[in-house]
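Breakdown of the fold
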Amino acid sequence: MSVLYLAALFPIAIPMALGLLLDRLFGEPPRFHPLVGFGRYAAAVERLFRRLGANRGVGLLAWSAAVLPWVALAGSLRISNLWLGLVLDVGLLYFAIGSRSLAEHARAVATPLLAGDLPGARQRLSWIVSRDTRELDETGVAKATVESVLENGNDAIFGALFWFAVLGGPGALMFRLANTLDAMWGYRTERYLRFGWAAARIDDVLNYIPARLTALSYALLGHTSNALRCWRTQAPSWDSPNAGPVMSAGAGSLDVALGGPAIYHGQLEERPPLGAGKPPGAADIDKALVLVQNSIWLWLLVVAALSVLSHA
């Protein structure tokens, strides 16, 4: 019976666990990160396709040229050999997720904040968020860090895990490359409003189900009723259709108050409130990381259970 269970777990759950283990052990490559190379490739694709124009159709063609060849190559290699497919799945998932990196960056803010070094905490926070951190007080720094942890839990971990569960390593690769293009092209500026439309919308579509599963995971592993209420009442007012559920449920689960005004690129943005309870402190950063880590364990458990049940 144990052999049958192992066979059931092999296609998804075991490679998923191995990919997460590699990330836990090694984190992101300190040099020669594949996404750096992809960023250069995407920039070359943009220069090439902009010769055809800067409308939505050209942007969609550019997105396809940037992402689909790599996904197709990974898919063809994956089905060519069982063991090569396993190695590829594990390697691509390791490449696609950033659990350890997320924790390291968040704790790099929490450590000086706990020590009373507010300038140092502001500086480290500025490395991971796009808002202006120079005038933030201790609560503002903690709030921005907790928000980043909750939102990036989906973007850096659970989105990739979902598409890995659906399509294996090529799915995780597709998600990570699409997410990267959204970060490069998905701006509402004159340059990217039309050309980057496809990158932004495709990222929204790929994130739609993972974001809601992430929000549900956060809710189940904390103050559940509070999280579900915040998700229901606050998420619709948030600009992003996917960040809203994730951050409102996460804030409610942690019983902290997030959202509110923030300065981006010199402009004050009046963001809706998220969560309920007290403003976060430095200790809540670690609580947010624990929530994300517990959600990873929950996902592994569910994937393993579904794998066994599907082969029962």
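What comes next is a walk through the structure. Note that the structure is predicted; figures quoted are calculated from it, not measured. (Residues numbered from 1 in each chain as written. Predicted model: local features only at pLDDT ≥ 70, side-chain atom pairs only at ≥ 80, totals over all residues. Heavy atoms only, no water.)

**Focus on the packing of helix H8 (residues 138–167) against helix H9 (residues 169–185)**
- In contact at an axis separation of 6 Å, H8 and H9 are set at 145° when each is read in the N-to-C sense. You can see that H8 and H9 cross each other, and the crossing is right-handed. Each of Asn154, Asp155, Ala156, Gly159, Ala160, Trp163, Phe164 and Leu167 in H8 lies in contact with H9, whose residues at this interface are Gly169, Pro170, Gly171, Ala172, Met174, Phe175, Arg176 and Asn179. (Axes fitted to C-alpha atoms, helices over the stretch in contact; angles between N-to-C directions. Helix = DSSP H or I, 4+ residues; strand = E, 2+ residues; numbered from the N terminus. Left-handed = near helix turned anticlockwise from the far one by under 90°. Contact = heavy atoms within 4.5 Å.)

**Notes on unusual backbone geometry**
- One non-glycine residue, aspartate 255, lies in the positive phi region at around 60°.
- In this fold, aspartate 255 is placed in the loop between helix H12 (243–254) and strand S1 (257–259).
- Aspartate 255 sits in the partly exposed class, given a relative accessible area of 31%. (Buried < 20%, exposed > 50% of the residue type's maximum accessible area, 1.4 Å probe, protein only.)

**Observations concerning a nonpolar patch on the surface**
- Together, Tyr208, Ile209, Leu213, Leu216, Leu220, Leu221 and Leu228 give the surface a local cluster of nonpolar side chains, amounting to about 590 Å² of exposed area.
- The dominant element in the nonpolar patch, judged by the number of residues it contributes, is helix H10 (residues 197–220), at five residues.
- Examined against the element boundaries, leucine 216 turns out to sit in helix H10. (Patch = residues over 30% accessible without salt bridge, like charges linked within 9 Å, V, L, I, M, F, W, Y side chains within 5 Å. Areas by Shrake-Rupley, 256 points an atom, 1.4 Å probe, with all protein chains shown as cover. Salt bridge = Lys/Arg side-chain N within 4 Å of Asp/Glu carboxyl O.)

**Considering the layout of surface pockets**
- Approximately 330 Å³ is the volume found for the second largest pocket.
- Mapped onto the lining of the second largest pocket, the elements with two or more residues apiece are H8, H10 and helix H13 (282–310).
- Broken down by element, the lining of the second largest pocket gets its largest block of residues, six residues, from H13.
- Along the lines of polarity and charge, the residues of the lining of the second largest pocket split into 13 nonpolar, two polar and no charged. (1 Å grid on protein atoms, 1.4 Å probe; cavity = no way out; pocket = protein on both sides within 12 Å on 5 of 7 lines; lining within 4 Å. Points joined across faces, edges and corners; volume = space filled by probe spheres on them. Nonpolar A, V, L, I, M, F, W, Y, C, P; charged D, E, K, R; others polar.)

**Structural notes on the pattern of salt bridges**
- In the structure shown here, the tally under the stated rule is eleven salt bridges.
- We note a salt bridge from arginine 100 to glutamate 104, for which the minimum N-O separation is 2.7 Å. Remark: glutamate 104 and arginine 100 occur in helix H6 (residues 99–114); sequence separation between them is four residues, near one turn of the helix.
- Taking the relative accessible area as the measure of exposure, arginine 100 reaches 30% and is therefore partly exposed.
- You can call glutamate 104 partly exposed: its relative accessible area is 43%.
- The partner of aspartate 132 in a salt bridge is arginine 134, and the shortest N-O contact between them spans 2.7 Å.
- Salt bridges sharing partners connect three or more residues here, namely Glu46, Arg50 and Arg191.

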